[in-house]
Protein chains: 2
Amino acid sequence: MKNNKDLPAGDHAGPLMADVARLAGVAISTVSRALTNPGRVNEKTRARIQGAAMQLGYTPNALARGLRVGKSNSVIVVLPGPLYYGASQIIPQVLSGINAALVEGGYHLIIANLDRGEQSERHVLDLAFGGSVQGVLILSSAVPEVDGRSLSQAALPIVSLLHDLTALDIPSVVTNDREAVRGATAELIALGHRRFQYLAGPPGDYHDVERYAGVLEALHDAGLGEDAVLRSGGIDYRHGFRIGVEAAAEYHGLATKPTAIIATSDDMAISFMSRVHQAGYKIPTDLSIVSFDGSAICDYCWPPLSSILQPVEEMGRRAVSLLIERINAPQCEHSERIIVPSTLVRRDSLAPVAGSMALF
Amino acid sequence: MKNNKDLPAGDHAGPLMADVARLAGVAISTVSRALTNPGRVNEKTRARIQGAAMQLGYTPNALARGLRVGKSNSVIVVLPGPLYYGASQIIPQVLSGINAALVEGGYHLIIANLDRGEQSERHVLDLAFGGSVQGVLILSSAVPEVDGRSLSQAALPIVSLLHDLTALDIPSVVTNDREAVRGATAELIALGHRRFQYLAGPPGDYHDVERYAGVLEALHDAGLGEDAVLRSGGIDYRHGFRIGVEAAAEYHGLATKPTAIIATSDDMAISFMSRVHQAGYKIPTDLSIVSFDGSAICDYCWPPLSSILQPVEEMGRRAVSLLIERINAPQCEHSERIIVPSTLVRRDSLAPVAGSMALF
DNA sequence: TTGTAAGCGTTATCAG
DNA sequence: CTGATAACGCTTACAA
C-alpha cells in the first residue's frame, strides 16, 4: 500500500535537499552551496549541513542537478556489439584504459549498449541528445544512427577509437594495422616463406581492408604477386574460431600448401593451430603462423603464438584525453588522427621455411 | 564565440518542446501528450506535431522527463571490476544475456563502472540514489558501498548474479558451483584418480569456497581424506594464467605427483597445461585435468579441455526477469535463490589414471 | 555569509 | 480535445 500516489517522483523515497536544510536550520540554497561550493559558506554552518546530510543519508538528485547545470560529467562509450568473442579481448582491454583515464579526469563512464540493435541505438541517441552526457567515445564501429537521427548531429564532441573516422571529420585513435601487418609479412618473407594463407575478417571491414593491404604491400615490396596469398575466412570477427577451423580444413585440402599463415585475429590463429595439429602438421616445422591482437593467451598456446600486439590501454587513454580536450574547447579544431603503433611479439610459431637456407 | 553564456543549460543546443509547439502551432502541453500519450490527442494535430518534431530533429530531454516522472526505464549493471581477465569471459557473456533480456523487456542498460574504485563506487551510488535507474543487477561481487552509503539502502530492487547474496536478503541467481565440482571430482575418482591438485581462487571468495567444498565432499564420499588434494594458487581469478604457471612449477617439483588437476578457471588450466607440456608431461596420459567456466576456447586447447560449463546467458536472463518482477511489484516478497546448474563438458583432457584398470 | 526567487525542460492536473 | 499552470529537485543571480 503505497501512500505517495500523488508524488510524481514516485518511489524515490530518499531525503531531499529541503529535508537537509530543515534539519540544519538553514535555507535550501545554503545547503546547495555548502555541498557543491564549500568555501563560499561559513565553515560552521557547512559542518552542520554536512552532518545533517550524512545523518539523513542524503544524495543529490542527479537528474535535477543535470537539468539545471547542463553538465553531467559523464561520457558515453558506444560499443561495437556484444563483448564476447573469443580470446581477443581488445574491446574489454581498451575499456580498461578508457575507464582509468576517464576516472582520472573526473568523468564518469556510461555504457548503454551491448549490441547495435535498434533499441540500443535509440537509447544511445536519447542519452546523447537528451543531455545526459558530455561526450561520446565510439569503439571500433560506425556512428549510431536510427530514425533518421545520427549521433553526429548532436552538439557533442565525438572521438572514434580503433576505427579511422577522420573522413567523417571525427578525430580518431587507431593503430597502424596496415604497417604492422606489412612488417610481419616482410619478416615471414625474410624467413624464406613464399606462399601464404590469409585468414580474413569480413570484406570491407576497416581492419580487414587495412591488414590485407599490408600483406599485399609486403608481397609487392618483395617482388611477389597477389597470387602468393590465399584468402580464407571473410566473415565476422566474432566467428574467429570458426574461421580458423574452416581455414584449417582448406589448408589440409590444398595440393601445394602455404608455408605461412597470417591470421587477422588470435581466435582464428588458435583454432587453426588446433585443427592443423589434429591433422598431424607441426608448427613451426611445417608452417609458421602470425596473428593479430596480442591476447594474453598467446603465451600459453601450442606453440606460443606470435601476434601483433595492440597497445590497447594506451589507445584508450589517448582517446579519452582527446575527448576531454574537445569537451573543454568545443570550438572546431580540425579532426585529428592519432596512430599508436602495434608491434609484433615474436614467439615460437614463427620459423624459417622448412628446408630453406634462410638468411642466417 | 558562444553567445549563449547566460543559458544555464550550456551548450546543449538542441530544439526544445517549446520549439516544436511553436512550429506546430499548439501548446507545449499538447506536444507532450502527442509524444508520450498519442491517442489522447486528435490524430490530425498529432501528425502535425510529429512532423514538426521530425523536422526539427527533436529529442526530449531525458533529464527533465526523468525528473518529472521518476521513471528512467533503465537498470544499472554493477561489474565486479575490469572486464579483462583471460580466456574466461563469464562476465561478458552473462552481460550478453542480461542485455538481450533487458532490451526485450523495454529496459535500458547502464554500466557505470569498470573497476571498483572509490570514484566508480560513488558514481554508481549517485546514479542509484539520484533516481537515474529503476533497478540494480550486481555481478559476482559485493554490494557497492562508499562514504557510509550502501546501495542496499536505496529504495531500489536489487538482484545478485553469480554470487549468492540471499543472506543479505538480496535475491540471487547462481550456479551450482559446489555440486558441479563435486560431480567432476567424483568422476575423476571413478577414473581411478586418487591424488589431486586443486588450483584455487582467492581464499574466502564465494566461488572458491564452494568449489573447494565440492572437492572435499567428493573425496569424503569416496572415503578419501583431505590430504588427497594439494591446494595451489589462491590469488585473484584475474591472475589465472599466473596461477597456472606457478602451479605447474609446483607440480613439476613434487616427488609424488597428483594424477588429476582441478582448476577453478579455464585460464589456470590453460597456462598450467602449457607449462606442463613444456616440461615434457603428457595430458591425459600422465595427468588428467578438469576446469571451470567452459570458455569457447576449451575446444581448441591441446588437448581439448574438459570444463564445467556455466549457462551464463540463461543466468543473465533469469536475473533480469527476477529484477523486472521486483520493479513491477516492489512489495517485499522474501529473497529468492535461483540455481541454474552447470554441467561438465567432457573432452580429451580427461582419462583413466595411468596403469589403472578403471571401471570399464 | 545567507536567504529569496526564478528557472532548467518536462509532465500532470485542471479548466475550458 | 486542447491550453494554462503548477510541480519535479536542484542551482544561481540578486538582495539582504
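Residues numbered from 1 in each chain as written. Chains lettered and ligands numbered in written order. Predicted model: local features only at pLDDT ≥ 70, side-chain atom pairs only at ≥ 80, totals over all residues. Heavy atoms only, no water.

A.B. asks: How should I be thinking about the nonpolar core in this particular structure?
C.D. replies: For soluble globular proteins, the rule of thumb is that nonpolar side chains tend to be buried together. Leu95(A), Ile98(A), Leu95(B) and Ile98(B) are the most contacted members of the largest nonpolar core, which totals 62 residues. Residues contacting Ile98(A), with those up to four places away along its chain left out, are Val77(A), Leu109(A), Leu137(A), Leu139(A), Leu161(A), Gly316(A) and Val320(A). Counting residues in each nonpolar core, the second largest holds 51 residues, with Phe272(A), Cys298(A), Leu305(A) and Ile243(B) among its members. (Core = buried A, V, L, I, M, F, W, Y, C linked by side-chain atoms within 4.5 Å. Buried < 20%, exposed > 50% of the residue type's maximum accessible area, 1.4 Å probe, protein only. Contact = heavy atoms within 4.5 Å.)

A.B. asks: Explanation requested: the protein's contact with DNA strand D in the structure shown.
C.D. replies: Every one of the 25 residues lining DNA strand D counts as a neighbour, but Tyr58(A), Arg65(A), Arg68(A), Thr30(B) and Arg68(B) are closest to it. Note that a phosphate oxygen of DNA strand D is positioned 2.6 Å from one of the side-chain N or O atoms of Thr30(B). Between DNA strand D and Thr45(B) there is a distance of 2.9 Å, counted from a phosphate oxygen to a side-chain nitrogen or oxygen. Secondary-structure elements contributing two or more residues to the surface near DNA strand D are helix H2 (28–36) and helix H4 (62–69) of chain A together with helix H2 (28–36) and helix H4 (62–69) of chain B. If you tally residues by element for the surface near DNA strand D, the top one is H4(A), at four residues. (Near = heavy atom within 4 Å. Polar contact = N/O pair within 3.5 Å; in protein donor to acceptor, adjacent residues only side chain to side chain. Helix = DSSP H or I, 4+ residues; strand = E, 2+ residues; numbered from the N terminus.)

A.B. asks: Where do I start with the sheet that holds strand S11 (residues 288–293) of chain B in this structure?
C.D. replies: Pairing between sheet strands relies on hydrogen bonds along the backbone, with the strands arranged either parallel or antiparallel. Residues and elements named next belong to chain B. Spatial strand order, S9-S8-S10-S11-S12-S14: six strands in an open sheet with mixed pairing. In the strand order of this sheet, the two ends are held by strand S9 (229–233) and strand S14 (343–345), each with one partner. Averaged over all adjacent pairs, the angle separating strand axes in this sheet is 20°, with direction ignored. Relative to S14, strand S12 (residues 306–309) runs antiparallel, the two sharing three bridges. Counted as the bridge partner of Leu309 is Thr343 from S14. Contacts between helix H7 (residues 177–190) and the sheet are confined to strand S8 (196–200), strand S10 (260–263), S11, S12 and S14, with S11 contributing the most and set at about 170° to the helix. Strands in contact with helix H9 (residues 240–253) are S8, S9 and S10; relative to S8, the strand with the most contacts, it is inclined by about 155°. (Pairing = 2+ DSSP bridges. Axes fitted to C-alpha atoms, helices over the stretch in contact; angles between N-to-C directions.)

A.B. asks: Got a minute to help me understand the UniProt feature "domain: HTH lacI-type" (unreviewed entry) in chain A in this structure?
C.D. replies: UniProt's feature table lists "domain: HTH lacI-type" (unreviewed entry) at residues 15–69 of chain A, given in the numbering used throughout. End C-alpha atoms of residues 15–69 of chain A are separated by 21 Å, and the span's content is 71% helix alongside 0% strand. (UniProt positions renumbered as here; feature names shortened; annotations may be inferred.)

A.B. asks: Where do I start with the confidence of the model for chain A in this structure?
C.D. replies: For chain A, per-residue confidence averages 90 on the pLDDT scale, and 94% of positions sit at 70 or higher. In the model, residues 1–11 of chain A has pLDDT below 50 throughout and makes nine contacts with residues more than four positions away in sequence or in other chains. (pLDDT = per-residue confidence, 0-100.)

A.B. asks: Help me understand the pattern of salt bridges in this model?
C.D. replies: Residues and elements named next belong to chain B. A full pass over the atoms with the stated rule returns 40 salt bridges over all chains. Put simply, Asp177 and Arg211 hold a salt bridge, and the shortest N to O gap is 2.7 Å. Linking Asp177 in helix H7 with Arg211 in helix H8 (residues 206–221), this pair joins segments that are 34 residues apart in sequence. In this structure, Asp177 and Arg211 share a single accessibility class: buried. (Salt bridge = Lys/Arg side-chain N within 4 Å of Asp/Glu carboxyl O.)

A.B. asks: I tried to follow the domain arrangement of chain A on my own but got confused; where do I start?
C.D. replies: Per the domain assignment, the segments making up chain A are domain 1 (4–60), domain 2 (71–174 + 312–340) and domain 3 (177–309 + 344–358). Placing the centre of domain 1 of chain A and that of domain 2 of chain A at their C-alpha centroids yields a distance of 35 Å. (Domains from an automatic or database assignment.)

A.B. asks: So what exactly am I meant to see when it comes to the sheet that holds strand S14 (residues 343–345) of chain A here?
C.D. replies: All names here are of chain A. Pairing is mixed in the open sheet, where six strands are placed in the order S9-S8-S10-S11-S12-S14. What marks the edges here is a single partner per strand, and that holds for strand S9 (229–233) and S14. Averaged over all neighbouring strand pairs, the angle between strand axes comes to 20°, with direction disregarded. Lying over the sheet, helix H7 (residues 177–190) contacts strand S8 (196–200), strand S10 (260–263), strand S11 (288–293), strand S12 (306–309) and S14, oriented at roughly 170° with respect to S11. The strands that helix H10 (residues 266–278) touches are S8, S10, S11 and S12; relative to S11, the one it contacts most, it runs at about 150°.

A.B. asks: Would you mind showing me how to read the packing of helix H1 (residues 17–24) of chain A against H2(A) here?
C.D. replies: Between two packed helices, what matters for the description is the angle formed by their axes and the separation of those axes. Residue and element names in this part refer to chain A. It is at 8 Å that the axes of H1 and H2 come closest, and there the two elements cross at 100°. For the element pair H1 / H2, the angle class is roughly perpendicular. For the pair formed by H1 and H2, the contact residues are Met17, Ala18, Val20 and Ala21 on the first element and Ile28, Val31, Ser32 and Leu35 on the second. Taken together, the residues of the contact of H1 with H2 sort by class into seven nonpolar, one polar and no charged. (Parallel < 35°, antiparallel > 145°, perpendicular 65-115°, else oblique. Nonpolar A, V, L, I, M, F, W, Y, C, P; charged D, E, K, R; others polar.)

A.B. asks: Just to check I follow, could you spell out the protein's contact with DNA strand C for this structure?
C.D. replies: The local shell around DNA strand C holds 25 residues, among which Ser29(A), Thr30(A), Ser32(B), Arg65(B) and Arg68(B) are the closest. A share of 65% of the atoms of DNA strand C within 4 Å of the protein falls on sugar and phosphate groups. Take Ala27(A): an N or O atom from its main chain is 2.8 Å from a phosphate oxygen of DNA strand C. Backbone polar atom of Met17(B) to a phosphate oxygen of DNA strand C: 3.0 Å apart, as the coordinates give it.

A.B. asks: Just checking my understanding: could you explain the interface of chain B and chain A for this structure?
C.D. replies: Often, the extent of an interface is quoted as the loss of accessible area on bringing the components together. The interface of chain B with chain A comprises 62 residues on the first partner and 62 residues on the second. Between chain B and chain A the total buried area reaches about 5,600 Å² when both faces are included, carbon and sulfur atoms providing 62% of it. Together, Leu63(B), Tyr84(B) and Tyr300(B) form the three largest contributors to the area buried by chain B at its contact with chain A, with a combined 14%. At the boundary of chain B with chain A, the tally comes to zero salt bridges. (Buried area = accessible area lost by both parts, 1.4 Å probe.)

A.B. asks: Help me understand the state of the cysteines, please; the structure alone is not making it clear to me.
C.D. replies: Cysteine pairs can be linked by a disulfide, which is a covalent bond between their two sulfur atoms. In total, this model carries zero disulfides over all chains according to the counting rule given. With no disulfide of its own, Cys298(B) lies closest to Cys301(B) among cysteine sulfurs, the gap being 5.4 Å. (Disulfide = S-S within 2.5 Å.)

A.B. asks: Is there a simple way to think about the environment of Asp205(A) in this case?
C.D. replies: Residues and elements named next belong to chain A. The topology assignment puts Asp205 in the loop between S8 and helix H8 (206–221). Once the C-alpha coordinates of Asp205 and Glu43 are considered, the two residues, 162 residues apart in sequence, prove to be 59 Å apart. Separated by 2.9 Å, the side chain of Asp205 and the backbone nitrogen of His207 make a polar contact.

A.B. asks: Please explain the packing of H7(A) against H8(A) as it appears in this structure.
C.D. replies: Residues and elements named next belong to chain A. In the contact formed by H7 and H8, the axes pass within 7 Å of each other and the chain directions differ by 40°. Note that H7 runs across H8; the crossing there is right-handed. Residues Asp177, Arg178, Val181, Arg182, Thr185, Ala186 and Ile189 of H7 pack against Tyr206, His207, Glu210, Arg211, Ala213, Gly214, Val215, Glu217, Ala218, Leu219 and Asp221 of H8. (Left-handed = near helix turned anticlockwise from the far one by under 90°.)

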